[in-house]
Amino acid sequence: MAADKIIMHIDMDSFFASVEIRDKPELKEKPVVVCSKTFHLHMDTSKGVISAASYPARKFGLHSAMPLSEAVKLCPDVICLPMNNTLYRQVSDNVIKIIQKHVKTVQKVSIDEAYVLFKDNVISYEDAADCALKIKEEIKATERITCSVGIAPTKSAAKIASGFQKPDGITVVRPNEIKDFLAPLPVTKIPGVGKKTAETFDLLGIQTVGDLAKADKRRIYEKLGKHGMNFQDVANGLDTTQVMETADAKSISRFHSLSPYTNDPAAVKLGSESVCEEVHSILMQKKMYFKTISIGLRYSDFTTATKSRSHTVHTADIFFLKRHAQDMIDELMANTDSKKKVRQINIGVSNLKKTDAGQMQLTDFF
Ligand SMILES: [Mg+2]
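What you see is a predicted model; the values in this text were computed from it and never measured.

Quick look at the nonpolar core now. With 39 residues, the main nonpolar core has Met-8, Ile-99 and Ile-139 as its most contacted residues. Taken together, the elements giving at least two residues each to this core come down to β1 (7-12), α1 (15-22), β2 (32-35), α5 (85-102), β6 (113-117), α6 (125-143) and β7 (147-152). When we break this core down by domain, the ones giving at least three residues each are domain 1 (3-12 + 86-177) and domain 2 (16-84). Ignoring sequence-local partners within four residues, the contact set of Met-8 consists of Ala-114, Tyr-115, Val-116, Phe-118, Ala-132, Ile-135, Val-149, Gly-150, Ile-151 and Ala-158. Tyr-115, Leu-182, Val-193 and Val-209 belong to the second-largest nonpolar core, a separate cluster that totals 31 residues.

Per the UniProt record, "site: Substrate discrimination" (unreviewed entry) is annotated on Phe-16. Topologically, Phe-16 is positioned in helix α1.

Moving on, we come to the coordination of the magnesium ion. Metal coordination angles in their ideal form are 109.5 degrees for the four-donor tetrahedron and 90 or 180 degrees for the six-donor octahedron. The magnesium ion binds to the protein through Asp-11 (OD), Met-12 (O) and Asp-112 (OD); the donor distances cover 2.2 to 2.5 Å. Considered as a linear motif, the donors of the magnesium ion on their single chain read D-M-x99-D. Here Asp-11 is found in strand β1, whereas its partner Asp-112 is found in the loop between β5 (105-110) and β6, with 101 residues between them in sequence. For the pair formed by Asp-11 and Asp-112, the shared burial category is buried.

With that out of the way, let us pick up the sheet that holds β5. The strands making up a sheet are joined through hydrogen bonds of the backbone, oriented either antiparallel or parallel. The mixed open sheet is built from 5 strands, whose spatial order is β5-β6-β1-β7-β8. Lying at the two open borders of the sheet, with one neighbouring strand each, are β5 and β8 (170-172). Direction aside, neighbouring strands of the sheet carry axes that sit 15 degrees apart on average. As defined by bridge partners, β1 adjoins β7 across 6 bridges and the pair is classed as antiparallel. Each residue of the ladder has a partner; that of Ile-10, found in β7, is Val-149. Sheet contacts for α5: β1, β5 and β6; angle to β5, the most-contacted strand, approximately 155 degrees.

It is at 12 Å that the axes of helix α9 (residues 195-203) and helix α11 (residues 217-235) come closest, and there the two elements cross at 95 degrees. On the basis of their axis angle, the class for α9 and α11 is roughly perpendicular. Residues Thr-197, Thr-200 and Phe-201 of α9 touch α11, and the partners they reach there are Lys-223, Leu-224 and Phe-231. Residue composition of the contact of α9 with α11, grouped by class: 3 nonpolar, 2 polar and 1 charged.

Here we come to the UniProt feature "active site" (unreviewed entry) in the protein. The UniProt entry lists Glu-113 under the feature "active site" (unreviewed entry), expressed in the numbering used here. Here Glu-113 falls in the buried class, since its relative accessible area comes to 17%. Apart from the residues lying within four places of it in its own chain, the contact partners of Glu-113 are His-9, Ile-10, Asp-11, Gln-107, Lys-108 and Lys-159. For Glu-113, the side chain forms a polar contact with the side chain of His-9, separated by 3.0 Å.

A few words on helix α7 (residues 155-162). When you tally the buried positions in α7, you get 7 out of 8 residues, the bulk of the element. Those residues of α7 that sit buried are Lys-155, Ser-156, Ala-157, Ala-158, Ile-160, Ala-161 and Ser-162.

At the junction of Lys-166 and Pro-167, the peptide bond is cis and its omega measures out at -10 degrees in the coordinates. Tracing the sequence through the fold places Pro-167 in the loop between α7 and β8. The omega torsion of the bond from Ser-259 to Pro-260 falls at -5 degrees, within 30 degrees of zero and hence cis. By the element assignment, Pro-260 lies in strand β9 (residues 251-262). One non-glycine residue, Ser-14, lies in positive phi territory at about 30 degrees. Along the polypeptide, Ser-14 turns up in the loop between β1 and α1. Assessed through its relative accessible area of 8%, Ser-14 is described here as buried. Backbone geometry places Phe-302, a non-glycine residue, at a positive phi of 75 degrees.

Another aspect to go through is the pairing of strand β10 (residues 288-299). Counted residue by residue, β10 has 11 buried out of 12 residues, so it is predominantly covered. Two strands pair when backbone bridges link them, and β10 and strand β13 (residues 353-354) are joined in this way by 2 bridges, in the antiparallel orientation. Bridge pairing links Tyr-289 to Lys-353 in β13. Direction of pairing for β10 relative to strand β11 (residues 304-315): antiparallel, over a ladder of 8 bridges. In the strand pairing of β11, Thr-292 is matched with Ser-310. Counting the residues that bridge the hairpin from β10 to β11 gives 4 residues, and of these Phe-302 lies at a positive phi of roughly 75 degrees.

Moving on, we get to the environment of Leu-133. Structurally, Leu-133 can be placed in helix α6. Residue Leu-133 is classed as partly exposed on the basis of its relative accessible area, which comes to 39%. In this structure the C-alpha to C-alpha distance between Leu-133 and Lys-30, which are 103 residues apart in sequence, comes to 28 Å.

Cut-offs applied
Residues numbered from 1 in each chain as written. Predicted model: local features only at pLDDT ≥ 70, side-chain atom pairs only at ≥ 80, totals over all residues. Heavy atoms only, no water. Core = buried A, V, L, I, M, F, W, Y, C linked by side-chain atoms within 4.5 Å. Buried < 20%, exposed > 50% of the residue type's maximum accessible area, 1.4 Å probe, protein only. Helix = DSSP H or I, 4+ residues; strand = E, 2+ residues; numbered from the N terminus. Domains from an automatic or database assignment. Contact = heavy atoms within 4.5 Å. UniProt positions renumbered as here; feature names shortened; annotations may be inferred. Donors = N, O, S within 2.8 Å, 3.2 Å for Na, K, Ca; no water. Pairing = 2+ DSSP bridges. Axes fitted to C-alpha atoms, helices over the stretch in contact; angles between N-to-C directions. Parallel < 35°, antiparallel > 145°, perpendicular 65-115°, else oblique. Nonpolar A, V, L, I, M, F, W, Y, C, P; charged D, E, K, R; others polar. Polar contact = N/O pair within 3.5 Å; in protein donor to acceptor, adjacent residues only side chain to side chain.

Now the structure itself:
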């Protein structure tokens, strides 16, 4: 069997909430949700909407996109933390880098989700599951969060499978199992089938994926056109969409682990130089300019401090990058307990713009 017939979907488990909780062990068993920063500025529950809910919070029926006012009624003790997008982006980049080491192709579809094609030495579903386990273990060891994976012959089945045994699950659906796996599921499990489409299916007497697979093609086409046909293909395990390498990175970041850990700003800034150089060399390869610099300092107690700053013009100047990174490290460390030691420096650039080499300045190449 060719490796490109096996597709994996990786989905981080309640990503934002998990990242928050890993650094705050006292919140582990508590109902925690993450909300936008605007809510925290005004502390007005009528405005907040949940961006992510931890598993204990889900037990109360809380979920993402739920208004906070409703969440408070279901769970008066809910703990609401503000979004930290810079941190989530850094963790997401680190996770993607781990995945990339183990596989051939990665298509990142959102901050916490990716499709994967395996390397050519993965020739069976057992090999694929072994590889998935290695990826899961490495993410758990280095980022201390879990993900769930689905492995299947099509993208849609892989995506449905990754949601099948959350959290921390691996679900393998082999080609001969795909129809039986899909048949009993409600049609809403098919990616892209929302409430409205489900209502239309319901009018046609279709509730499960199995109903859709057997349904009369003409009636589906009449009601839902080409989309309906695509959904029926998915129901029959015949989805042919390909895994495409993510075209352009929205951000570039690298990290450096300090040994020994240190609370000396000079030592941290020195360590930041090589990270800036790595980030810069990727910018050069990709012929990109950046506008925003993000810094993350990971401390020995596993807390993380982050800072992100946007500038008025795009640049790829390495001196600019180093100088601003060092200023931001100074600011972060000045605001942190001076006894806390830094174990890892994360430096990223975003707000990227493609440029042709002709426009680049001399200093871009140093
Ligand atoms: Mg997720």
